[in-house]
Amino acid sequence: MKVTEFSLNKLLRQHHDIFHLHWVMENIVRHPNQFLAALRAITMLLAIDWVRARGTKIVWTIHDQYPHSILHPQLAAWFQSEFIKRIDGCISHCQVSKEWVESTWPELSDRPHAVIPHGHYRQVYADNTNREAARETLNIPPDHHLLLFLGYIDHYKNVPHLVQVFRELDPTNWILLVAGKLEVPELKSQISQAAGNDSRVKLEFGYIPDQKLQTYFRAASLVALPFQEILNSGSSLLALSFDCPILVPEKGAMVELEEQVGQDWVKMYGGEFTTEVLESGLEWAVSQERSPQPNLEQLEWSELTQQTVEYYQKIIT
């Protein structure tokens, strides 16, 4: 099987058995100029119609329930409804996603829908440092643990609340580090205000280069992801790939991730992210006995690739 990265030119000039789309709404209608966003939406729909007429099947992988930022709601709703009509099959990363899709768009219920988890990130990024060197680089005192949030910072990720809860709990011998690029500029002031002048809260706003990810994760004792909305989470898989336990809401794919990886690496909480939740998570992070690495065998890309190829074959036959 030959896989080609998308370009409109390749799509229209070459024949493909499958046109597989990810992040459709974000990539097509998120342009700040509404006219250009509409032009892109219409162009994509016409391109899909063209290749479908030539026998290409359209497969959609659903990553989120809703786009995290909708600039043009009416255009987005129209494009979504038109796009759904053209789909030949779907892939979800968890059973919760599949059930949500089929209840939200009943018209997709009779189309082939596979559940194939998202793979891990081991051996994708540099990983040649150790815990001691990483902690020294980040100036973490020997008698302190590091609570980490790392990733793009958007409203739904609840970062100001994380900082506020950490300061309210005031845990002994813990430091909170928030690192990542701001998707919404005004969040910088909200997070900074929540942090105040607390020396135990470190803020590093900006893009984290791939080669430096290992330093943050290897230094951390726990990664907290107090998302308000979550269906799938690359952030959780990235942390686990660096052998970091995670604290996550009991939503979306997290329940299945806990079943795949184990309760010693994934701790879930229900309801709001509170001081009680954080206190329990910090205690669990340092007291729970766990293997040197989480078992990510079910998330091996070789196995997931085979599942995807088998699904493709089902679609085109």
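Residues numbered from 1 in each chain as written. Predicted model: local features only at pLDDT ≥ 70, side-chain atom pairs only at ≥ 80, totals over all residues. Heavy atoms only, no water.

1. Thoughts on the overall build of the protein chain
Logical step 1: Assigned secondary structure in the protein chain consists of 13 helices and 10 strands.
Logical step 2: By its C-alpha atoms, the protein chain is 65 × 40 × 35 Å across when sized along the principal axes.
Logical step 3: Among the 317 residues that make up the protein chain, the fraction classed as buried is 50%.
Logical step 4: Of the contacts made within the protein chain by residues no fewer than 6 positions apart, 74% connect residues no fewer than 24 positions apart. (Helix = DSSP H or I, 4+ residues; strand = E, 2+ residues; numbered from the N terminus. Buried < 20%, exposed > 50% of the residue type's maximum accessible area, 1.4 Å probe, protein only. Contact = heavy atoms within 4.5 Å.)

2. Things to note about the nonpolar core
A general tendency of soluble globular proteins is for nonpolar side chains to be buried together.
Logical step 1: Trp60, Phe79, Leu147 and Phe217 are the most contacted members of the largest nonpolar core, which has 95 residues in total.
Logical step 2: It is helix H3 (residues 34–53) that contributes the most residues to this core, seven residues altogether.
Logical step 3: Membership of the second largest hydrophobic core comes to nine residues, among which are Val59, Ile116, Leu304 and Ile315. (Core = buried A, V, L, I, M, F, W, Y, C linked by side-chain atoms within 4.5 Å.)

3. Brief notes about the side chain of lysine 98
Logical step 1: Here lysine 98 is to be found in helix H5 (residues 95–104).
Logical step 2: Classification of lysine 98 as buried rests on a relative accessible area of 17%.
Logical step 3: Contact partners of lysine 98, with chain neighbours within four places excluded, come to Ser92, His113 and Val115.

4. Thoughts on the pattern of salt bridges
Logical step 1: Summed over all chains, the structure comprises 12 salt bridges.
Logical step 2: The closest approach of N and O atoms between arginine 86 and glutamate 82, which form a salt bridge, is 3.1 Å.
Logical step 3: Between aspartate 198 and arginine 200 there is a salt bridge, with the nearest N and O atoms lying 2.6 Å from each other.
Logical step 4: Judged by its relative accessible area of 19%, arginine 200 is buried. (Salt bridge = Lys/Arg side-chain N within 4 Å of Asp/Glu carboxyl O.)

5. Brief notes about the pairing of strand S2 (residues 57–62)
Logical step 1: By the criterion of burial, S2 is predominantly enclosed, with five of the six residues buried.
Logical step 2: When strand S1 (residues 18–21) meets S2, the two strands line up parallel, connected through four bridges. Paired with isoleucine 18 across the bridge in S2 is lysine 57.
Logical step 3: Examined bridge by bridge, S2 and strand S3 (residues 89–92) share four bridges and lie parallel to one another. The residue bridging isoleucine 62 from the neighbouring strand is serine 92, located in S3. (Pairing = 2+ DSSP bridges.)

6. Quick word on the sheet that holds strand S4 (residues 113–115)
Logical step 1: Spatially, the four strands line up as an open sheet ordered S1-S2-S3-S4, and their pairing is parallel. Each edge of the open sheet is held by one strand with a lone partner, namely S1 and S4. The mean inter-strand angle of the sheet, taken between neighbouring strand axes irrespective of direction, is 20°.
Logical step 2: Of the strands in this sheet, S2, S3 and S4 touch H5, which is tilted by about 155° from S4. (Axes fitted to C-alpha atoms, helices over the stretch in contact; angles between N-to-C directions.)

7. Side note on the pairing of S3
Logical step 1: Residues Gly89 and Ile91 point to one face of S3 and Cys90 and Ser92 to the other, with burial holding for every one of them.
Logical step 2: Pairing geometry for S3 and S4, over three bridges, is parallel. Across the sheet, serine 92 pairs through a bridge with valine 115, a residue of S4.
Logical step 3: Running through H5, the crossover from S3 to the neighbouring parallel element S4 is right-handed. (Right-handed = clockwise from strand over helix to strand, strands pointing away.)

8. Things to note about the packing of aromatic side chains
Logical step 1: Applying the stated criterion across every chain, the model contains nine aromatic pairs.
Logical step 2: Measuring from centroid to centroid gives 5.3 Å for tryptophan 100 and tryptophan 105, while their planes differ by 80°, and the two rings are edge-to-face. In this pair, the class of tryptophan 100 matches that of tryptophan 105, namely buried.
Logical step 3: The positively charged end of arginine 290 is found above the aromatic ring belonging to tryptophan 265, 5.4 Å away from the centroid.
Logical step 4: Sitting over the face of the ring of tryptophan 284, arginine 290 holds its NZ or CZ atom 4.7 Å from the ring centroid. (Phe/Tyr/Trp six-rings, centres within 6.5 Å; stacked < 30°, edge-to-face > 60°. Lys NZ or Arg CZ within 6 Å of the ring centre and 35° of its normal.)

9. Section: the environment of tryptophan 23
Logical step 1: Residue position: tryptophan 23 is located in the loop between S1 and helix H2 (24–29).
Logical step 2: Along the primary structure tryptophan 23 and lysine 251 are separated by 228 residues, whereas in three dimensions their C-alpha atoms are 20 Å apart.

10. A short note on a nonpolar patch on the surface
Logical step 1: Side chains of Phe6, Leu8, Leu12 and Trp50 sit close together on the surface and give an oily, nonpolar patch of about 380 Å² of accessible area.
Logical step 2: The residue leucine 12 is located in helix H1 (residues 8–13) in this model.
Logical step 3: Among the residues examined, leucine 12 registers a relative accessible area of 34% and is labelled partly exposed. (Patch = residues over 30% accessible without salt bridge, like charges linked within 9 Å, V, L, I, M, F, W, Y side chains within 5 Å. Areas by Shrake-Rupley, 256 points an atom, 1.4 Å probe, with all protein chains shown as cover.)

11. Here's the deal with the environment of glutamate 5
Logical step 1: For glutamate 5, the location among the structural elements is in the segment before H1.
Logical step 2: Glutamate 5 gets classed as exposed once you look at its relative accessible area, which sits at 68%.
Logical step 3: For the pair formed by glutamate 5 and glutamate 204, sequence separation is 199 residues and the distance between their alpha carbons is 33 Å.

12. Overview of the sheet that holds strand S8 (residues 222–224)
Logical step 1: The sheet built from six strands is open, its strands ordered S7-S6-S5-S8-S9-S10 with parallel pairing. Sheet topology places strand S7 (201–205) and strand S10 (266–269) at the edges, where each strand pairs with a single neighbour. With direction set aside, neighbouring strand axes in the sheet form an average angle of 25°.
Logical step 2: Sheet contacts for helix H7 (residues 159–169): strand S5 (145–150), strand S6 (174–180), S7 and S8; angle to S6, the most-contacted strand, approximately 170°.

The quantities given are spatial measurements derived from coordinates; they are silent on function.
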